[in-house]
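Next come the chains, spelled out residue by residue.
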Amino acid sequence: MPDSQASILTTSMKRHRWRRSVDRLATISMGLGGGIVIVAIVMIFFYLLYVVAPIFAPADMKELKQYSLPAATAGKTLLLAIEEQNEVALRLTDRGQAVFFKTGSGEVILTKALLGDRASPSSFAIGRTSHAAFAYGLTNGRVVVARHVYNVTYPDDQKLVTPKVEYPLGQQALRVDTKNRPLLQLALEQNEEQTTIVAFTDDKRLILVNIKKEENLLDEEVATTEITRSTLANADDVKHMLIDPEQQILYTTSENGRITVFDIRDKAEPTLLERKRVVPANERITNFRFLTGGISLLIVSSEGVISQWFPVRSEDNTPVLTRIREFEKSDRLITDVDVEQRRKGFITADERGNVRVFHATAKRLLLDETISENALTHVSISPRSDRLLAEDIRGQIVSWQVNNEHPEISWAVLWGKVWYESYKKPSFTWQSSSASNDFEPKYSLVPLSFGTLKAAFYAMLFAIPLSIMGAIYTAYFMAPAMRAYVKPTIEIMEALPTVILGFLAGLWLAPLIEHYLPGVFLMLIVLPIATFLFGYAYHCLPGYIRNRIPEGWDAALLIPVLLLSGWLAMGLSQPTEQILFNGNMRLWLSTSLGLDFDQRNSLVVGIAMGIAVIPTIFSITEDAIFSVPKHLTLGSLALGATPWQSLVRVVLLTASPGIFSAIMIGMGRAVGETMIVLMATGNTPVMDFSIFQGMRTLAANIAVEIPETEVGSTHYRVLFLAALVLFMFTFAFNTVAELVRQRLRRKYSSL
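In this numbering scheme, every chain counts its residues from 1 along its sequence in written order. Two thresholds apply to this predicted model, a pLDDT of at least 70 for residue-level local features and 80 or more for giving and counting side-chain atom pairs, whereas whole-chain, interface and lining totals are computed over all residues. The side-chain numbers reported here are obtained from all heavy atoms of the structure, hydrogens and water having been left aside.

**What about the packing of aromatic side chains?**
Convention followed: Centres within 6.5 Å make a pair out of two Phe, Tyr or Trp rings, where for Trp the six-membered ring is used; the pair is then stacked when the planes are under 30 degrees apart, edge-to-face when over 60, and tilted otherwise. The way it works is that DSSP assigns letters per residue, a run of H or I at least four long becomes a helix, a run of E at least two long becomes a strand, and they are numbered from the N terminus. Summary of the burial criterion: residues with accessible area below 20% of their type's maximum are buried, those above 50% are exposed, and those between are partly exposed, where the area comes from a 1.4 Å probe applied to protein chains only.
Evaluated as defined, the whole model comprises 30 aromatic pairs. Between F310 and W419 the ring centres are 6.4 Å apart and the planes differ by 90°, which places this aromatic pair in the edge-to-face class. In this pair, F310 sits in strand β21 (residues 306-313) while W419 sits in the loop between α2 (411-415) and β30 (430-431), placing the two residues 109 residues apart along the sequence. Judged by relative accessible area, which is 0%, F310 ranks as buried.

**Focus on the side chain of S565**
Heads up, the rule is: We define a polar contact as two N or O atoms separated by no more than 3.5 Å, with the added condition that, inside protein, one atom must be a possible hydrogen donor and the other a possible acceptor, whereas residues neighbouring each other in sequence contribute only through side-chain atom pairs.
Within the secondary structure layout, S565 lies in helix α8 (residues 554-571). A distance of 2.9 Å separates a polar atom in the side chain of S565 from the backbone oxygen of L562.

**A word on the pattern of salt bridges**
Where we set the bar: Criterion for a salt bridge: a side-chain nitrogen of Lys or Arg within 4 Å of a carboxyl oxygen of Asp or Glu.
By the definition in use, this model includes 27 salt bridges. Between E274 and K276 there is a salt bridge whose closest N-O contact spans 3.9 Å. Residue K487 pairs with E491 through a salt bridge whose shortest N-O separation is 2.3 Å. In this pair, K487 and E491 both sit in helix α4 (residues 480-492), four residues apart, roughly one turn of the helix. What emerges from the salt-bridge pattern is a single network uniting R483, K487, E491, E622 and D623.

**A word on unusual backbone geometry**
Notably, D156 is not glycine yet its phi reads approximately 55°, a positive angle. Mapped onto the elements of the fold, D156 is located in the loop between β8 (142-153) and β9 (160-166). The residue D157 is not glycine, and still its phi comes out positive at about 60°. Here D157 shows up in the loop between β8 and β9.

**Things to note about the sheet that holds strand β25 (residues 354-359)**
The condition is simple: A pair of strands is labelled paired if DSSP reports no fewer than 2 bridges between them. Each axis is a line fitted through C-alpha atoms, and for a helix only the stretch in contact is used; angles between axes span 0 to 180 degrees, taken between their N-to-C directions.
A sheet is described by the order of its strands in space; here four strands give the open sequence β23-β24-β25-β26, paired in antiparallel fashion. Each edge of the sheet is formed by a strand with only one pairing partner; in this case those strands are β23 (334-339) and β26 (364-370). Strand-to-strand twist in this sheet, taken as the mean axis angle between neighbours without regard to direction, amounts to 20°.

**Topic: the packing of helix α5 (residues 498-515) against helix α11 (residues 602-626)**
Applied cut-off: Any angle that falls under 35 degrees is termed roughly parallel, while one over 145 is termed roughly antiparallel, one within 65 to 115 roughly perpendicular, and all others oblique. In a left-handed crossing the near helix is turned counterclockwise from the far helix by less than a right angle, and in a right-handed crossing that turn is clockwise. Residues are treated as being in contact if the distance between any of their heavy atoms lies within 4.5 Å. Gly is placed with the polar residues, together with every amino acid not listed as nonpolar (Ala, Val, Leu, Ile, Met, Phe, Trp, Tyr, Cys and Pro) or charged (Asp, Glu, Lys and Arg).
The contact between α5 and α11 brings their axes to 10 Å, and the two run at 140°. As summarised for this structure, α5 and α11 are arranged oblique, according to the angle between their axes. Seen along the crossing, α5 lies across α11 with a hand that is right-handed. On α11, the residues touching L501, A505, L509, A510 and I513 of α5 are L603, V604, I607, A608, I611 and A612. Split by residue class, the contact of α5 with α11 holds 11 nonpolar, no polar and no charged.

**A look at the packing of α8 against helix α9 (residues 573-580)**
Packed helices, taken two at a time, are described by their axes: the angle between them and the distance between them. The N-to-C vectors of α8 and α9 enclose an angle of 40°; their axes lie 4 Å apart at closest approach. The angle between α8 and α9 places the two elements in the oblique class. Side by side, α8 and α9 meet where A569, M570 and G571 of the first sit next to S573, Q574 and P575 of the second. Among the residues forming the contact of α8 with α9, the class breakdown is three nonpolar, three polar and no charged.

**Considering the sheet that holds strand β16 (residues 249-254)**
Pairing is antiparallel across the open sheet formed by four strands, whose spatial order is β15-β16-β17-β18. On the outer flanks of this sheet lie β15 (238-243) and β18 (271-277), each paired with one strand and no other. Direction aside, the axes of adjacent strands within the sheet are offset by 20° on average. In terms of strand pairing, strand β17 (residues 258-263) meets β18 through six bridges, oriented antiparallel. By the bridge assignment for β18, T260 is matched with R275.

**A look at the confidence of the model for the chain**
The condition that has to hold: For every residue, the predictor assigns a confidence score, pLDDT, that lies between 0 and 100.
Taken as a whole, the chain shows an average pLDDT of 88; of its residues, 96% reach a score of 70 or greater. Confidence, expressed as mean pLDDT per element, reaches its minimum in the chain at helix α7 (residues 543-546) with 77 and its maximum at β25 with 95.

**Brief notes about a nonpolar patch on the surface**
Where we set the bar: For patch building, the residue pool is restricted to those with more than 30% relative accessible area and no salt bridge; the joining distance is 9 Å between like charges and 5 Å between nonpolar side chains (Val, Leu, Ile, Met, Phe, Trp, Tyr). Each accessible area value is a Shrake-Rupley result obtained with a 1.4 Å probe; residue values ignore everything except the protein chains displayed when judging cover.
A surface patch of nonpolar side chains, about 650 Å² in accessible area, is lined by L496, V499, I500, F503, L504, L507 and W508. Checked against the element boundaries, L504 lands in helix α5. Given the relative accessible area of 40%, L504 is considered partly exposed.

**Description of α4**
Stated formally: Multiply 1.5 Å by the residue count of a helix minus one, and that product is the helix's expected span. Here, the arc refers to the directions that run from the helix axis to the C-beta atoms.
In this model α4 runs 18 Å from its N-terminal to its C-terminal C-alpha over 13 residues, within 8% of the 18 Å that 1.5 Å per residue would give. Along α4, the positions that sit buried rather than exposed are M482, R483, K487 and I490. The arc enclosing the buried residues of α4, seen along the axis, measures out at 115°, which places them on a common side. Away from its buried face, by an angle of more than 90 degrees, α4 presents the exposed residues Y485 and I492. On its buried face, α4 sits against α3 (446-477), α8 and α11.

**A look at the environment of P511**
Tracing the sequence through the fold places P511 in helix α5. A relative accessible area of 28% means that P511 is categorised as partly exposed. When the C-alpha atoms of P511 and P560 are compared, they prove to be 25 Å apart, with 49 residues separating the residues in sequence. Those residues in contact with P511 that lie beyond four places of it in its chain are G506 and Q599.

Right under this line is the structure:
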């Protein structure tokens, strides 16, 4: 073999080995990159699960300490309470004694006589737990109102909680009954502006006393006190009484299981609102409490049934006390109930030493634990709901730690209709936060999921026809020279930041559509008619004129026609609105069709998000159609098919897997879009399919609320759950889409 040939062969072998090495390196790199992507997706999935999992973890309790009743000689317990730091507890007794003791050991810190040498106590009442107010009714018709407060200091860098008792109305007992009769039942509610007391006397009179304090603006030390007294009409023996936090409604219960509701907004002339039976005739009411917020009533019957009630507005706007839900029945007599201060939860104690922890909104029994061998008489949960104290019938105090971080979440709360306080009926609602601790969080993911699908639907409704039809014309009919400009121009639109599209949609497009609303709908009529007329006129032109236009450049002539017809539609907007809608189409929609109009609505989102999605669908569809082998098209034409028949029966079927993939990728882009939806809608989580209403999507909701939520809170974890739902939805949707694409590919690959 000559040296030159050997050299060529050696060079060829080196190049072959080099190409094989490069191919192997490319294969490894692509495989490694794909593996990294899969690992990243799996890690995201498991991180979302890691954050979300605690909200579904069960509650649990752990015993801390058991000790004898502190200052047992001070009398029987009327109330147990724990301060926020869980270091000091309070026991109020039937002898008017306040006993403060250490929660962990039972060591007495302070014992204080609240009544002095006054008459004996005949009744007892507490106000809102968060305000720590309580009152003793005396046998001489007077009332002593007090509050237990705790000062936290740090001497020598050691936390010290110092309890004390305050008298907001003064230490002198307030005269409630001018006849000096014993007060058998008592109700108290107090705020910074006023105090309302209702007492039931032994001669069956129901007396209301309201005390208002008004400060002098010139001298803060000088204040005037206004006292209003009135007597309420009553026909029942009163067993329990409650005043709502706004001091506008009074509830009383009777021995026969009926509730009477009074309107006490006018303290001088209270009126009867309604009277109704709330337990069966053979049962009685054994406990009667407000849930946090003072809207819902917890009613416990002698048969162990716990039900929640609150006023619901009727058709004539009259509040009617309505049974909302019933909790899991106990086969034991419930001896005491305490409510959580910052959540809609409550705890019960029974005659067999069991405590049960519930959450009202979620309608969940979270815990059922035996904490004593004896019957429990009193139970108290701390302000942070993490410590429990209970007293049993033998005078023992048990202290338990409670781990119950996320009681608000249940399947019904997330995906079912829930009847929330002050609502007329059950609903799907998202409202995660409020300025008040009494707020009832609403964590339904249904309106957010609905908004996500609604936004994607209108975006695809706008994008699919335009992008696919445009791709068909560009790939099959357009001249190559024109295609060289059109395709890159549309594809470069994909690089436009969505925040810019959202900004333009919210600040320019939304007001424009509102002002020219009839014109927008006229365009749906004018543009097709103008296109059809132009096509017919073009067809009627003499052949020598039509032949002067190069094949595939016909569409360029349509551009000025579309612009002119769009301008005409907008110009006819105002006259059309005057003639057909009496000058105001938005008002006509509301009065005639019952459709409310929001400026930032689904129509705006559909157009803006559709523009963002069009480049993706167009590019993939155009490539799929353009890549159909030419011999298939030429063979179809050779057999006598027209260009349109070849397109519909050969080209589109062959390209259908690619077209379907384009639609699915565009759908995924629309589902996950954040900024356009955030800026172009009212961002309100409403469930209304109207094109004139806005929505809130899962992605937009996460973007709005995650910066302001507390890390580790229920709200924080529910937002991560929303992200997980979006992740799973996209994953499932893409999986189904890929299966359909593969089936189409197998079916039409043989064409």
